[in-house]
Amino acid sequence: MSENRLFPKSVDEVILEKVRFFFLPDRTAAFVKNLVEGKVSERSLICCNSGCDVCNETIYNCYVAVKKELDLQ
């Protein structure tokens, strides 16, 4: 609780914070939440080097950062 908050950050707050940290569009927050909830397989997040607008590898790195902050293994 280093931010002097009464309550810890919500999952949605953590996800949006990390999405913005990785310079991803805010619209990817819903996708990252689906990853965290297990609705989408993280195996789908492999960079195919096709120059996507939003690279799967960046989304994966964001997802890992969210899991780390939420203490999910």
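All figures in this text were calculated on a predicted structure; none of them were measured in a lab.

(A) The packing of aromatic side chains, seen in detail. A full pass over the atoms with the stated rule returns two aromatic pairs. The interplanar angle of 80 degrees and the centroid separation of 5.2 Å between the aromatic rings of Phe 21 and Phe 22 together place this pair among those described as edge-to-face. The class for Phe 21 is exposed, based on a relative accessible area of 58%. The class for Phe 22 is partly exposed, based on a relative accessible area of 24%.

(B) Representation of the environment of Ile 59 in the model. Position of Ile 59 among the secondary structure elements: in helix H3 (residues 56-69). Look at Ile 59 and you get buried, because its relative accessible area is 6%. Through-space distance from the C-alpha of Ile 59 to that of Leu 70 is 16 Å; in sequence the pair is 11 residues apart.

(C) The arrangement of H3 in detail. With 14 residues, H3 extends 20 Å between its outermost C-alpha atoms, agreeing within 8% with the 20 Å of an ideal straight helix rising 1.5 Å per residue. Taken together, the buried positions of H3 are Ile 59, Cys 62, Tyr 63, Ala 65, Val 66 and Lys 67. Along its buried surface, H3 packs onto helix H1 (11-21) and helix H2 (28-36). In the segment just after H3, Asp 71 is the residue with positive phi, at about 60 degrees.

(D) Here's a closer look at the side chain of Lys 18. Assignment of secondary structure puts Lys 18 in helix H1. Assessed through its relative accessible area of 16%, Lys 18 is described here as buried. Residue contacts for Lys 18: discarding those within four places in its chain leaves Cys 62, Ala 65, Val 66 and Glu 69.

The rules behind the values
- Residues numbered from 1 in each chain as written.
- Predicted model: local features only at pLDDT ≥ 70, side-chain atom pairs only at ≥ 80, totals over all residues.
- Heavy atoms only, no water.
- Phe/Tyr/Trp six-rings, centres within 6.5 Å; stacked < 30°, edge-to-face > 60°.
- Buried < 20%, exposed > 50% of the residue type's maximum accessible area, 1.4 Å probe, protein only.
- Helix = DSSP H or I, 4+ residues; strand = E, 2+ residues; numbered from the N terminus.
- Expected span 1.5 Å × (residues − 1).
- Contact = heavy atoms within 4.5 Å.

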